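Below, each chain spelled out in residue letters.
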Amino acid sequence: MTRRAPACPPPPLVRWAAGTALLGAVLAAAVAVAGIAGGTAAPGAVGWSAVAAAGLAFHGLMARAGRRWGRVLLPVSGAAALGGLFPEAAGGLPRWLLIGALAACLAASAALFLPPAAAWFRERGDSARLMGTGLRKAVLAVHVIVALVWTGVIVTMAALALTALADPGPAAVRGLTTAMLAIEANLLGPPALVALLTGVALACGTRWGLLEHRWVAAKFWLITAGIISAPFLNRPALFAVQEAAFGGAPAEEVRAAMQHLALVYPGIPAAALAAAVLSFTRPWGRTRRGRRAAERRRAPARRIPARVTAADPVAEGVVALRLERTGGADLPPWTPGAHIDLVLPSGRVRQYSLHGDPADRSAYRVAVLHEPGGLRGSAEAHRLRAGDRVAIGGPRNRFPLADAAAHLFIAGGIGIVPLLPMIRELDARGAPWRLVYVGRSLPAMAFARELAEAHPDRVRLFPRDACDRPDLGAVLREAPEGAAVHCCGPAGLIAGVEAELPAARPDATLHTERFAPADRAAGAPDAPFDAELRRTGGTVRVPAGTTLLDALRERVPGADASCENGVCGGCEVRVLAGVPEHRDDVLAGEDRDRTDVIFPCVSRARGRIVLDL
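Residues numbered from 1 in each chain as written. Predicted model: local features only at pLDDT ≥ 70, side-chain atom pairs only at ≥ 80, totals over all residues. Heavy atoms only, no water.

1. Structural notes on the overall build of the chain
Okay, step 1: Regarding its fold elements, the chain presents 16 helices and 18 strands.
Okay, step 2: In the chain, once contacts between residues fewer than 6 apart in sequence are set aside, the share between residues at least 24 apart is 71%.
Okay, step 3: Carbon and sulfur atoms provide 60% of the accessible area of the chain, an area that totals close to 27000 Å². (Helix = DSSP H or I, 4+ residues; strand = E, 2+ residues; numbered from the N terminus. Contact = heavy atoms within 4.5 Å. Areas by Shrake-Rupley, 256 points an atom, 1.4 Å probe, with all protein chains shown as cover.)

2. Notes on the pairing of strand E2 (residues 318-325)
Okay, step 1: Across the 8 residues that make up E2, a large majority, 7, are buried.
Okay, step 2: For strand E1 (residues 304-315) and E2, the ladder comprises 8 bridges, and the chain directions are antiparallel. Its bridge partner being in E2, alanine 310 is matched across the sheet by arginine 322.
Okay, step 3: Of the pairings in the sheet, the one linking E2 to strand E5 (residues 364-369) comprises 6 bridges and is antiparallel in character. Residue arginine 322 lies in a different strand from E5, and its bridge partner there is arginine 365. (Buried < 20%, exposed > 50% of the residue type's maximum accessible area, 1.4 Å probe, protein only. Pairing = 2+ DSSP bridges.)

3. Re the sheet that holds strand E16 (residues 597-598)
Backbone-to-backbone hydrogen bonds join strands into a sheet, with any given pair of strands oriented parallel or antiparallel.
Okay, step 1: Here 5 strands make up an open sheet; going across it, the order is E13-E12-E18-E14-E16 and the pairing mixed. Each edge of the sheet is formed by a strand with only one pairing partner; in this case those strands are strand E13 (539-542) and E16.
Okay, step 2: Pairing of strand E12 (residues 529-533) with E13 involves 4 bridges; the strand directions are antiparallel. Across the sheet, residue phenylalanine 529 finds its bridge partner in E13, namely valine 542.

4. Quick notes on helix H16 (residues 548-555)
Okay, step 1: Burial in H16 covers these residues: Leu548, Leu549, Ala551 and Leu552. Axial view of H16: buried residues confined to an arc of 160°, hence all on one face.
Okay, step 2: Here the buried face of H16 lies against E12, E13, E16 and strand E18 (609-611). (Arc of directions from axis to C-beta.)

5. A few points about the confidence of the model for the chain
Okay, step 1: Looking at the chain, pLDDT values average 78 and 77% of them are 70 or higher.
Okay, step 2: In the predicted structure, residues 1-7 sits below a pLDDT of 50 and forms 12 contacts with residues beyond four places in sequence or in another chain. (pLDDT = per-residue confidence, 0-100.)

6. Some words on the pairing of strand E11 (residues 509-513)
Okay, step 1: Inspection of the sheet shows strand E10 (residues 484-488) paired to E11 by 5 bridges, in the parallel sense. Within E11, the position partnered with alanine 484 by the bridge is threonine 509.
Okay, step 2: For the crossover from E10 across helix H15 (residues 491-504) to E11, the handedness is right-handed. (Right-handed = clockwise from strand over helix to strand, strands pointing away.)

7. Remarks on the sheet that holds E2
Okay, step 1: An order of E1-E2-E5-E4-E3-E6 is seen for the 6 strands of this closed barrel, with the pairing classed as antiparallel. Direction aside, the axes of adjacent strands within the sheet are offset by 45° on average.
Okay, step 2: Of the strand pairs in this sheet, strand E3 (residues 339-343) and strand E6 (residues 389-396) are connected by 4 bridges, and their pairing is antiparallel. The partner of leucine 342 across the bridge, within E6, is isoleucine 392. (Axes fitted to C-alpha atoms, helices over the stretch in contact; angles between N-to-C directions.)

Below you can see the structure in the form of structure tokens.
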């Protein structure tokens, strides 16, 4: 089978920038090797060069993959390389070669922010700014381990300084300061740089953002200050103490120099401890920049006038609609798993997943199941014909393609639709995937024949009128280790997968999307609570039996919402304080413990809550 080019491939400018970064990484690694082979480099300088090489390679590859945080971090890695390649680790390499390579690397970093590259990153969609689950866990593990190592080194330095202060005799001071200088030269810099780079990656590559929350910004500046203070504060203080001790200065003068040093070093572990406390408490809410970003994300989706250009039956009770923008301009970019709001001629607003090729922005394609009685607007959507006027909102993506080595897709009925572009993208990459597709009958299973004919070795069809239901436990056990499981379909199918996964494949990650809300009848009873509106001012009382969204609309008439049943995520509001009681179907897994967001159409709060409204 011929492999197709991936959708929305990187432009030449991005490919050149990523290639240049990789060449810079090779040079940084060569510098480290030359330093070791020539015996001219201290371990700290070699470590610095190795970290710079790894950072340049990793962030270059992430930028080429369209990850916005990789683009942001590439200049940071370039600056780290600039500081790490010129010490004695250079191993005799010509200075002009180092200067030229670093200049090219920094130029490549800047090129990623030029209009052609910036436009491509925007086309990748908002999910491109986030890390996949596996990558996030790996980076977090490295960050925590290295931060602990760095903090341990600093605590050791502080202990040595306090020991020297207790015994300011010249011989003791000479030995202790010599040990401190050796530790600082060889063990302090590389872990500090890794802690900084991984911390910035976690901030930029997750929902927190680097400068959007005060606690993240404070943690960033604390760690940066700790790294900068080492060469500019600690080392001069160490040299001053050594000069006094080796120069035969009186004990009082040595003690005075040691007092200054003893004040400098405990400050850095204190800053590291404060950064750790901030990571757990997450105080203070959003910055001004973060509030502006939240407002942009929360802004009501602009309705795009559109028309139906095709309405074709693709299965029993399923019609595929092709929607083009009125006037023929390109539609907004989208990524696999995204959905749109379709504003029907009657004014009803319904959500439908997109399928087709994300690179084709001339039209959107959706598939609508005709539900009995015309529930959820499906009857009206089935009456649409070519030429009918509609409107489009979005797109939004609450069901993105996970970052994993292998994927298992489980679809039920019309739940196949959001999985189609995911399969298309993985097939273009040549990545491993499998599909289990359950339906009422083969004629009622949209796109089933096309999938089975194109991928006979990857697609398993289970029409209920011809075969038994699949053994979900056996299906999950056959999934590769660490696979991402994407499931979309009826509530019973999703519940079955959720029940079987922990025992069948505990190392897999589950990603679900529902087209209808889960049964919440057995949930906690409604209790009244208060919602403080931080920016608007005042407090809204939410009685039992009234949704938070309805209460908010009395104070904020323009509060955005779409499905109003906890499925689409269009009404998302940031939480500054308090504990939300999540009743939505947007958050899943560990995200159910999030306290920074609420979907007010269905969710409530446990006591008083403060909203960023």
